[in-house]
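# Topology and contacts: notes
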Amino acid sequence: MGGNAGAGRFLLGILSCLAMLLSAGSASALEVRVKDVAVLEGARPNQLVGMGLVVGLQGTGDKGDMAMRMMSNMSSRFGLTIDPKLVKSKNVALVSVTCELPPFVVPGQTLDVLVSAAGDAKSLQGGVLLQTPLKAANGKVYAVAQGSLSLGGFSAGGQGAQVSKNVTTVGRVPGGAIVEQGTESSFVPGGRMSLLLRQPDFTTATRVAKAINKHHGQVARVVDAGRVEVAVPASYGDSPASFVAALEGLTLVPDSVARVVVNERTGTVVMGGNVRIGSAAVAHGNLTVRVSENAQVSQPNPLGQGQTAVVPRTDLQAQEGQGQVVALPESSTVTDLVRALNAVGATPRDLIPILQALDQAGALHGQLIIQ
């Protein structure tokens, strides 16, 4: 008994310390860097895509003729003519190859590529991607990919059983793409640059401009909720990249819209810290319905003419739990709401309709997003 009491006091002390740390963290504003809330206009990535062949599979390739046709076309480039109808190999798979071309890359650098089966191949395990040109939306080739696939899983089996881990029709080729040409990135046109906020917000944009002007003079101005225009100071005229590096390290306190995101498919509820709950009362109750099927055998009399038969029997029970009412004071926080609902045993599934009801009642001061 004494040991249990001591453990209980120790656990209570830990919970009290955690509560003090959480309250102290919420009281102090969280500062983030400019590079974490904004990106530089003009320094954007580009998507590349291509269609290729994966060879060397152990009978897990495509069964259709798409891969055979592409194999015939590729062979014709090397002076070998093959009729696609005569090729019956299952060691080849038609795949789509994608990657992202970052800004400021130069020819000769390598990129990781993602390879996905485009046909009915069962597995790409052990395959090798043949040379595949990767094109952008303008139709130009910016990289060429080739190499052995890394799946991160496996698939094995026979006619009677099969075992697999992860997805075996999607793999990666680390460093498999070689950049053939880069993209032009002009981020300081006319001595001015623009910072684009990841989450457009007027308050955050104003705080970004204030943080820049505090350290570099009146060089930044807010254009709209998603753009802050910055003039490069004369001292950084010869090295605008150094000025960008100086801006990225500045810190500020970003603002955010009070949102509650609900995913009914998975039962996930995410609530921002700015969400407030008005004065409301929440009633929570449980209704449990249990249905069980029990088969009974009906046996006739020894001298009767009947037959033995199986008669189904259904047992139905409905039990409603005791309802509980939770009163929420005005300007309650998300923490107060979660603590009150946990006290009555509400699950995340129960929290979803409760939040919807609070929003309809006008007591949820925030944007409710249902996915």
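No experiment lies behind these values; they were computed from the predicted model shown. (Residues numbered from 1 in each chain as written. Predicted model: local features only at pLDDT ≥ 70, side-chain atom pairs only at ≥ 80, totals over all residues. Heavy atoms only, no water.)

### Examining the overall build of the protein
Assigned secondary structure in the protein consists of 7 helices and 24 strands. Residues counted as buried form 30% of the 371 residues belonging to the protein. With an accessible surface of roughly 23,100 Å², the protein has 53% of that area assigned to carbon and sulfur atoms. (Helix = DSSP H or I, 4+ residues; strand = E, 2+ residues; numbered from the N terminus. Buried < 20%, exposed > 50% of the residue type's maximum accessible area, 1.4 Å probe, protein only. Areas by Shrake-Rupley, 256 points an atom, 1.4 Å probe, with all protein chains shown as cover.)

### Notes on the confidence of the model for the protein
When pLDDT is averaged along the protein, the result is 79, and 77% of the positions lie at 70 or above. Here helix α1 (residues 2–27) stands out as the least confident element of the protein, with mean pLDDT 42; strand β7 (residues 141–148) is the most confident, with 95. (pLDDT = per-residue confidence, 0-100.)

### With respect to the pairing of β7
On any regular strand, side chains alternate: one points to one face of the sheet, the next to the other face. In terms of strand pairing, strand β6 (residues 128–135) meets β7 through 6 bridges, oriented antiparallel. Across the sheet, residue leucine 134 finds its bridge partner in β7, namely alanine 143. Once β6 ends, the chain turns through 5 residues before running back antiparallel as β7, passing glycine 139 with a positive phi of about 85°. (Pairing = 2+ DSSP bridges.)

### A short note on the sheet that holds strand β22 (residues 332–333)
Pairing within the open sheet is antiparallel, and its 3 strands lie in the order β22-β17-β23. The sheet terminates laterally at β22 and β23 (364–365), the two strands that pair on one side only. When strand β17 (residues 276–277) meets β22, the two strands line up antiparallel, connected through 2 bridges. In the sheet register, arginine 276 faces β22, and the bridge partner there is threonine 333.

### What about the nonpolar core?
Ranked by internal contacts, the top residues of the largest apolar core, which has 25 residues, are Val113, Val115, Leu124 and Leu134. No other element matches strand β4 (residues 93–101), which puts 5 residues into this core. With residues up to four places along the chain from it excluded, the contact list for valine 115 reads Val54, Val95, Ser96, Val97, Leu124, Leu129, Leu149, Thr169, Val170, Gly171 and Val173. Counting 23 residues, the second largest nonpolar core, distinct from the first, contains Val34, Met193, Ala205 and Phe243. (Core = buried A, V, L, I, M, F, W, Y, C linked by side-chain atoms within 4.5 Å. Contact = heavy atoms within 4.5 Å.)

### Re helix α5 (residues 240–248)
Along α5, the residues classified as buried are Phe243, Val244 and Leu247. Burial along α5 is one-sided: seen end-on, the buried residues are contained in an arc of 100°. Turning to α5, the residues buried within the fold contact α2 (34–37), β2 (38–40), β11 (192–197), α4 (202–216) and β13 (227–231). (Arc of directions from axis to C-beta.)

### Comments concerning the sheet that holds β2
Strand order in this open sheet of 4 strands is β2-β11-β13-β12, and the pairing throughout is antiparallel. Sheet topology places β2 and β12 (220–224) at the edges, where each strand pairs with a single neighbour. Across this sheet, the average inter-strand angle for adjacent strands is 30°, counted without regard to direction. Inspection of the sheet shows β11 paired to β13 by 5 bridges, in the antiparallel sense. Residue pairing in the sheet places serine 194 in a bridge with glutamate 229 of β13. Its contacts with the sheet put α5 on β2, β11 and β13, and the angle it makes with β11 is roughly 30°. (Axes fitted to C-alpha atoms, helices over the stretch in contact; angles between N-to-C directions.)

### Notes on the pattern of salt bridges
Applying the stated rule across the entire model yields 6 salt bridges. A salt bridge links lysine 35 to glutamate 248, with the nearest nitrogen and oxygen atoms 3.8 Å apart. Here the residue lysine 35 occupies a position in helix α2, and glutamate 248 occupies one in helix α5, the gap between them amounting to 213 residues. According to the relative accessible area criterion, lysine 35 is partly exposed, its value standing at 33%. Arginine 221 is paired through a salt bridge with glutamate 229; the nearest N and O atoms lie 3.2 Å apart. Residue classification places glutamate 229 among the buried positions, given a relative accessible area of 18%. Salt bridges here are not isolated pairs; linked through shared partners, they connect Arg192, Arg221 and Glu229. (Salt bridge = Lys/Arg side-chain N within 4 Å of Asp/Glu carboxyl O.)

### Considerations on unusual backbone geometry
Positive phi values are uncommon outside glycine, yet phenylalanine 104 reaches one of about 65°. By the element assignment, phenylalanine 104 lies in the loop between β4 and β5 (110–117).

### As for the packing of aromatic side chains
All told, the structure shown has 1 aromatic pair when counted by the stated rule. Each ring, one from tyrosine 236 and one from phenylalanine 243, has its centre 5.2 Å from the other, and the planes form 45°; the classification is tilted. Exposure remark for tyrosine 236: the relative accessible area of 24% places this residue in the partly exposed category. (Phe/Tyr/Trp six-rings, centres within 6.5 Å; stacked < 30°, edge-to-face > 60°.)

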